[in-house]
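Summary of the model geometry
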Amino acid sequence: MPASGSFSRLPGFRDVPPEEMALRRRIFAAWREAAGRYGFREYDGPPLEPLGLYVEKSGPEIVEQLYEFEDKGGRRVALRPEMTPTLARILAERSRSLPKPIRWFSIPQLFRYERRQRGRLREHFQLNADIVGEPGPAADAEVLAVAIDAVRGLGLTERDFEARVNDRRLVDAVLDALGAPRDARSGVLAAVDKAERAGQDATRKRLEGLELERGTVAGVLDVVADGSWDGLRRRFAGDSAVLQAMSPLEEHRSILSAMGLGDYVRFDFAVVRGLAYYTGIVFELFDRAGEFRAICGGGRYDRLLELVGGEPLPAVGFGMGDAVLGEILRERNLLPDAQPSCDYYVAWVGDEQRTLALDAARRLRQAGCSVLYSLRSQAMGKQLKAAGRAGAARAVIVGPDEAATGSATVRDMTTGRQKTRPLSALAVGSGPSGDDEAI
Ligand code: HAM
């Protein structure tokens with residue numbers, strides 16, 4: 001037998017004991033609730049996909065992080081590192097028969113062989129919400145509103161987080177104006193994407209490595225450092241292509257303001273998104289203190305469906321991870337109550353009352369209550385202690401006196417008050433939320 005150490009958890013993966021599961025369930029519930037309020041329907045797909053789906057569509061950064069292998073049938077496959085290519089593949093087959101716009105959401109588990117750092121794991125869950133079939137900024141605003149509400153549903157407010165938005169078309173117009181050649185674009189975007197974390201010197205070196213002209217490097221660094229909407233407008237006042245590329249974001253902003261979400265949104269030229277398929281407005285959600293990595297990232301990808309063989313359909317959506325959100329909730333003391341709890345703990349004095357007690361437990365469970373009892377004979381004191389540890393709201397006690405009259409003593413575990421109730425009436429009017437009348 002190998003020593004137990006050789007079975008330790010793989011780095012970047014999580015064990016999820018019930019206390020942690022409470023947080024995951026809380027996050028998923030808030031995500032489902034927000035997506036539901038905006039009329040999104042839940043879908044899922046396979047966790048394993050053909051490798052080519054990502055190699056061609058996601059871009060080099062994710063491809064380097066793939067868990068890929070050859071299956072027993074000789075196919076090159078990869079664990080999904082993101083959901084968007086799967087969504088595009090599914091819709092490439094089905095979108096023709098679906099009314100547009102399509103609003104779909106999913107909560108997949110994703111796998112990326114990342115360098116280990118805070119908030120970055122090798123598996124995580126992501127809320128994905130996408131609108132397919134609608135090209136205008138109202139769809140971009142709608143998905144961003146879902147993202148904001150999904151975070152607000154967890155108790156965070158505009159004081160805690162913000163959405164930083166940009167537009168890939170605007171980035172292209174600005175880079176054209178600054179003289180960055182088109183064939184160096186992906187390198188420039190990667191440098192801009194990393195600029196905030198890397199700092200100015202490292203970003204300059206990176207841009208210089210792309211053999212850009214000195215004026216272009218300085219221009220890109222300036223725009224990233226200033227990053228403001230007014231600054232951009234002043235700087236490119238004479239450039240009609242840049243000014244024109246600013247208008248979708250203006251409409252986007254006015255829609256979000258009309259939705260009451262204006263305070264959550266800020267323009268930031270440094271948000272360009274690492275993935276290859278984005279074509280329009282892009283955004284990321286960050287904690288305002290800037291302590292954590294992005295909570296969420298998304299944007300418009302109008303060509304992806306066509307690229308995977310579907311009809312050409314515009315699309316926009318986002319992915320929101322559970323890891324960073326969990327850390328922020330922990331830090332803000334917004335973790336859900338993870339204590340065990342149940343509605344009833346059934347206890348009996350002697351073995352002669354066991355059958356009656358088990359029957360009471362069955363009735364309560366049938367009524368939808370969560371019920372525990374000791375799986376072995378135990379003294380009443382021990383049973384009541386166990387009821388306390390289990391977080392029972394009430395104890396149901398069956399002793400010889402109760403058995404003789406076909407009743408049980410129901411004790412409120414918080415107040416200690418108790419009342420005798422006929423066993424046959426125990427489950428009547430009882431529900432998981434409790435029934436004060438019972439006591
Ligand atoms: P992404 O920016 O790669 O976008 O990931 C979105 C979010 O997932 C991140 O902001 C982060 O919260 C979380 N995340 C990503 N990687 C990790 C990791 N290794 N560990 C923990 N959390 C992580 C996408 O995946 C796009 N497919 C989103 C999208 C959907 N765009 C359009 N529709």
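Residues numbered from 1 in each chain as written. Predicted model: local features only at pLDDT ≥ 70, side-chain atom pairs only at ≥ 80, totals over all residues. Heavy atoms only, no water.

Our next topic: the sheet that holds strand β3 (residues 68-70). What the 3 strands build is an open sheet, ordered β2-β4-β3; its pairing is antiparallel. Edge positions in the sheet fall to β2 (48-50) and β3, since each of these pairs with one other strand and no more. This sheet shows a mean twist of 35° between the axes of neighbouring strands, independent of strand direction. (Pairing = 2+ DSSP bridges. Helix = DSSP H or I, 4+ residues; strand = E, 2+ residues; numbered from the N terminus. Axes fitted to C-alpha atoms, helices over the stretch in contact; angles between N-to-C directions.)

What follows deals with the domain arrangement of the protein chain. With domains assigned, the protein chain is organised as domain 1 (18-331) and domain 2 (342-425). Placing a centre on the C-alpha atoms of domain 1 and another on those of domain 2 gives a separation of 53 Å. (Domains from an automatic or database assignment.)

Here the focus is the site of the ligand. The environment of the ligand is made up of 26 residues, and the closest members are E82, T84, L121, D130 and Y278. Here an oxygen atom of the ligand sits 2.9 Å away from a polar atom, N or O, in the side chain of R112. At 2.9 Å from a nitrogen atom of the ligand is found a side-chain nitrogen or oxygen belonging to Y277. Residue assignment for the shell around the ligand shows that the elements contributing at least two residues are β7 (123-132), β11 (296-300) and β12 (315-321). (Near = heavy atom within 4 Å. Polar contact = N/O pair within 3.5 Å; in protein donor to acceptor, adjacent residues only side chain to side chain.)

Enumeration over the complete set of coordinates arrives at 12 aromatic pairs. On the basis of an interplanar angle of 35° and a centroid distance of 5.2 Å, the ring pair of Y43 and W104 is categorised as tilted. Residue Y43 is located in the loop between β1 (41-42) and β2, and its partner W104 is located in strand β5 (residues 102-106); the two are separated by 61 residues in the primary sequence. R122 extends its terminal NZ or CZ atom over the ring of Y113, reaching a point 3.9 Å from the ring centre. The lysine or arginine in question, R164, covers the ring of F286, its NZ or CZ lying 4.2 Å from the ring centre. (Phe/Tyr/Trp six-rings, centres within 6.5 Å; stacked < 30°, edge-to-face > 60°. Lys NZ or Arg CZ within 6 Å of the ring centre and 35° of its normal.)

Let's shift gears to the environment of G262. Summarising the element assignment, G262 is placed in the loop between α12 (247-258) and β9 (265-267). G262 sits in the buried class, given a relative accessible area of 14%. G262 sits 70 residues away from R332 along the chain, and the two C-alpha atoms are 23 Å apart. Here G262 is in contact with R253, L256 and S257, once residues within four sequence places are set aside. (Buried < 20%, exposed > 50% of the residue type's maximum accessible area, 1.4 Å probe, protein only. Contact = heavy atoms within 4.5 Å.)

This next bit is on the packing of helix α6 (residues 168-177) against helix α7 (residues 185-198). The description of two helices packed together rests on the angle between their axes and the distance between the axes. α7 packs onto α6 with a crossing angle of 110° between their chain directions and a minimal axis gap of 12 Å. In this view, α6 runs roughly perpendicular relative to α7, as classed from their interaxial angle. Judged by the twist between their axes, the crossing of α6 over α7 is right-handed. Contacts from R168, V171, D172, L175 and D176 of α6 reach α7 at R185, V188 and L189. Tallied by class, the residues present in the contact of α6 with α7 amount to 4 nonpolar, no polar and 4 charged. (Parallel < 35°, antiparallel > 145°, perpendicular 65-115°, else oblique. Left-handed = near helix turned anticlockwise from the far one by under 90°. Nonpolar A, V, L, I, M, F, W, Y, C, P; charged D, E, K, R; others polar.)

Summed over all chains, the structure comprises 37 salt bridges. Notably, a salt bridge pairs R103 with E142, separated by 2.7 Å at the nearest N-O pair. On the criterion of sequence distance, the pair formed by R103 in strand β5 and E142 in helix α5 (residues 137-152) is long-range, its members being 39 residues apart. A salt bridge links R204 to D201; the nearest nitrogen and oxygen atoms lie 3.7 Å apart. Separated by 3 residues within a single helix, R204 and D201 lie in helix α8 (residues 200-208), roughly one turn from each other. For R204, a relative accessible area of 32% corresponds to the partly exposed category. (Salt bridge = Lys/Arg side-chain N within 4 Å of Asp/Glu carboxyl O.)

Turning our eyes to something else, we now look at the nonpolar core. Grouped together as the largest cluster of nonpolar side chains are 78 residues, with contacts concentrated most on L170, L285, I295, F318 and M320. Beyond its immediate sequence surroundings of up to four residues, L285 is in contact with L144, A147, I148, V151, F161, E162, A163, A294, I295, C296 and M320. (Core = buried A, V, L, I, M, F, W, Y, C linked by side-chain atoms within 4.5 Å.)

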